[in-house]
Amino acid sequence: MPKSVLLAPPENIMVRCDNLVKIYKSKDVEVMALQGLDLEVGRGEIMGIVGASGSGKSTLLNMLGGLDRPTAGSLYVDGRDMLKFTDKDFIEYKRRTVGFVWQNNARNLIPYLTAIENVEMPMMLSGYENRRKRAEYLLDMVGLSARKNSMLGQMSGGEQQRCAIAIALANNPKLLLADEPTGAVDTKTANNVLEVFRRLNRETGVTVIIVTHDSNLAKSIDRVVAIRDGKTSSELIRRKPVLTGVSFEELSEQQQAEIRAVEEGEAQHDELVLLDKTGRLQIPKDYLTQLGIKGGDRVRVELEDDRITIRK
């Protein structure tokens, strides 16, 4: 089916990218930031995106946040086709559908306002009623009730980031985006910030997408997607025990230990390499180096029982 007539994704999908392309142009230079990225994010899911600098992850986040327009492909958020958005649609989308948490707190907070005034600001711009009550509720959710009258300079880095999360949730968005939210804080504070995201996801059902370089992220999130060269290249999926109609006490010691590991963020992950819709995949560079294979080389591909092998 041609991309132009793709149907909107089902109700349980919050984000769907099909062959998404983004090209930046500067005079005679063109840079392809995304090169046919495919991705689906379920409604109510919390997902991490990792990748090296220049891989395209921030470009994707900017488009999901309505800060940039796709060049080609298909991008649906909450069932709406963002390639068809007008300027008015983007304004409404940023007010009602998406919340954004930046790494740089200077972009999140107005320094001469208190924490509670910062949280009230987006609601005031959108004509939201009962602003003070909702702002107090959100600050309580992120553990900042005692700091509601504090200015930016009176809060620690972790407190500022938690306040930024409350601001991003002010207008009750369906999608919460976070760009390196733990990049400027220590490990202990980073864990606290990530726990806030997990709690908000559990209690409100908001879909959360976090872009990060934090290697500990995989211990805290069930699904982590890696972007390489502007394409989705692999996923880390946490192994979870499946329970059907039994109590915790009825499980074996091994099953109980697996569940505790999941709850404590210590469960192992399976890494999956992703096929695009034409059957192409990106093989990890380390594997190719070990086999002495370089880009452009011809290789032998063979079907052996239940596996496909690639030989030099």
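Cut-offs and rules
- Residues numbered from 1 in each chain as written.
- Predicted model: local features only at pLDDT ≥ 70, side-chain atom pairs only at ≥ 80, totals over all residues.
- Heavy atoms only, no water.
- Core = buried A, V, L, I, M, F, W, Y, C linked by side-chain atoms within 4.5 Å.
- Buried < 20%, exposed > 50% of the residue type's maximum accessible area, 1.4 Å probe, protein only.
- Helix = DSSP H or I, 4+ residues; strand = E, 2+ residues; numbered from the N terminus.
- Contact = heavy atoms within 4.5 Å.
- Expected span 1.5 Å × (residues − 1).
- Arc of directions from axis to C-beta.
- Axes fitted to C-alpha atoms, helices over the stretch in contact; angles between N-to-C directions.
- Parallel < 35°, antiparallel > 145°, perpendicular 65-115°, else oblique.
- Left-handed = near helix turned anticlockwise from the far one by under 90°.
- Nonpolar A, V, L, I, M, F, W, Y, C, P; charged D, E, K, R; others polar.
- Salt bridge = Lys/Arg side-chain N within 4 Å of Asp/Glu carboxyl O.
- Pairing = 2+ DSSP bridges.

(A) Seen up close, the nonpolar core. Membership of the largest hydrophobic core comes to 35 residues, with the highest contact counts inside it found for Val-119, Cys-163, Ile-165, Leu-176 and Phe-197. When contributions to this core are tallied by element, the ones reaching two or more residues are helix H4 (115-125), helix H5 (131-141), helix H6 (157-168), strand E7 (175-179), helix H7 (187-204) and strand E8 (207-211). No other element matches the six residues that H6 contributes to this core. Ignoring sequence-local partners within four residues, the contact set of Ile-165 consists of Val-101, Val-142, Val-193, Val-196, Phe-197 and Leu-200. Listed in part, the 29 residues of the second largest apolar core include Leu-60, Leu-61, Met-63 and Val-77.

(B) Representation of H7. Look at H7: 26 Å from first C-alpha to last across 18 residues, which is about the 26 Å you get at 1.5 Å a residue. Along H7, the positions that sit buried rather than exposed are Thr-189, Ala-190, Val-193, Leu-194, Val-196, Phe-197, Leu-200 and Asn-201. The buried residues of H7 all sit within an arc of 145° when viewed along its axis, so they share a single face. Opposite the buried face of H7, at more than 90 degrees from it, the exposed residues are Lys-188 and Arg-202. Taken together, the buried residues of H7 touch strand E3 (46-50), H5, H6, E7 and E8.

(C) Structural context of the packing of H4 against H5. It is the contact of H4 with H5, at a shortest axis distance of 9 Å, that shows an interaxial angle of 125°. It follows from the interaxial angle that H4 and H5 lie oblique. Note that H4 runs across H5; the crossing there is right-handed. Residues Ala-115, Ile-116, Val-119, Glu-120, Met-123 and Met-124 of H4 form the contact with H5, whose participating residues are Arg-131, Arg-132, Arg-134, Ala-135, Glu-136, Leu-138 and Leu-139. Here the contact of H4 with H5 is built from residues that sort into eight nonpolar, no polar and five charged.

(D) Up close: the pattern of salt bridges. On inspection of all chains with the given rule, the structure shows 18 salt bridges. The partner of Arg-43 in a salt bridge is Glu-11, with the nearest N and O atoms 3.7 Å apart. Highlighted residues: Arg-43 in the loop between strand E2 (29-42) and E3 and Glu-11 in the segment before strand E1 (13-26), separated in sequence by 32 residues. Judged by its relative accessible area of 31%, Arg-43 falls in the partly exposed class. Between Arg-80 and Asp-89 there is a salt bridge; the shortest N-O distance is 3.8 Å. Judged by relative accessible area, Asp-89 falls into the partly exposed class, the value being 23%. Sharing partners across several salt bridges, the network here consists of Glu-11, Arg-43, Asp-78 and Lys-174.

(E) Fine view of the sheet that holds E2. The antiparallel open sheet is built from four strands, whose spatial order is E2-E1-E4-E5. Both edges of this open sheet fall to E2 and strand E5 (80-81), since each of them pairs with a single strand only. Relative to strand E4 (residues 72-77), E1 runs antiparallel, the two sharing five bridges. Pairing of Asp-18 across the sheet is with Ser-74, part of E4. Across the sheet, helix H1 (residues 57-64) touches E1, E2 and E4, and the angle it forms with E1 is around 115°.

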